[in-house]
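Letter by letter, the chains look like this.
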Amino acid sequence: QVQLVESGGGLVQPGGSLRLSCAASGSIFRIYGMGWYRQAPGNQRELVATITSAGTTNYADSVKGRFTISRDNAKNTVYLQMNSLKPEDTAVYYCNGEMARTRYSSPSTYWGQGTQVTVSS
């Protein structure tokens, strides 16, 4: 069994900061790319940021310069530092990871349960 568990969401005022964490646990041989996505009410889930196992990052235009994705491979954890938050950043944030469970298996995509981020005064 593989699990991704997010934490760090909450209510923050516009201009504030939050740091999300997502820890992978279970029977994992290797983690490849990891990422953060978000879904606001009435909208489709959208990419926020991704990071490869080598540390190459990619960001949605809407968060460039404000959000930073990072990972700690020793802890199987990915982070999202969110600064200068705006009301339009309000959404449920999900992490995902491409993970192989054994040396011989192909990687599959796993998702966390989501954490709510609300930006409001």
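Cut-offs and rules
- Residues numbered from 1 in each chain as written.
- Predicted model: local features only at pLDDT ≥ 70, side-chain atom pairs only at ≥ 80, totals over all residues.
- Heavy atoms only, no water.
- Disulfide = S-S within 2.5 Å.
- Helix = DSSP H or I, 4+ residues; strand = E, 2+ residues; numbered from the N terminus.
- Buried < 20%, exposed > 50% of the residue type's maximum accessible area, 1.4 Å probe, protein only.
- Phe/Tyr/Trp six-rings, centres within 6.5 Å; stacked < 30°, edge-to-face > 60°.
- Lys NZ or Arg CZ within 6 Å of the ring centre and 35° of its normal.

Visitor: Residue-level account of the state of the cysteines, with values.
Guide: Tallying each qualifying case throughout the model produces one disulfide. The disulfide partner of Cys22 is Cys95, and the gap between their sulfur atoms is 1.8 Å. Of this pair, Cys22 sits in strand β3 (residues 18–26) while Cys95 sits in strand β9 (residues 91–100); the two residues are 73 residues apart in sequence, bridging distant segments of the chain. Cys22 sits in the buried class, given a relative accessible area of 0%. Of the residues examined, Cys95 reaches a relative accessible area of 0% and is grouped as buried.

Visitor: An account of unusual backbone geometry is needed here, citing residue identities and associated values.
Guide: Even without being glycine, Asn76 reaches a positive phi, approximately 50°. Within the secondary structure, Asn76 is located in the loop between β7 (67–72) and β8 (77–82). Among the residues examined, Asn76 registers a relative accessible area of 28% and is labelled partly exposed. Although it is not a glycine, Ser84 sits at a positive phi angle of roughly 50°. On the secondary structure map, Ser84 appears in the loop between β8 and β9. Classification of Ser84 as partly exposed rests on a relative accessible area of 40%.

Visitor: Just give me the short version of the packing of aromatic side chains, but keep the residues and values in it.
Guide: For the structure shown, the criterion picks out one aromatic pair. Here Tyr37 and Trp111 contribute two aromatic rings whose centre-to-centre distance is 5.1 Å and whose plane-to-plane angle is 65°, an arrangement assigned as edge-to-face. One end of the pair, Tyr37, is in strand β4 (residues 30–39); the other, Trp111, is in strand β10 (residues 108–111), and 74 residues separate them in sequence. Arg19 extends its terminal NZ or CZ atom over the ring of Tyr79, reaching a point 4.1 Å from the ring centre. When the ring centre of Tyr94 is taken as origin, the NZ or CZ atom of Arg45, which lies over that ring, is 3.7 Å away.

From the geometry alone we can't say anything about function, so treat these as descriptive.
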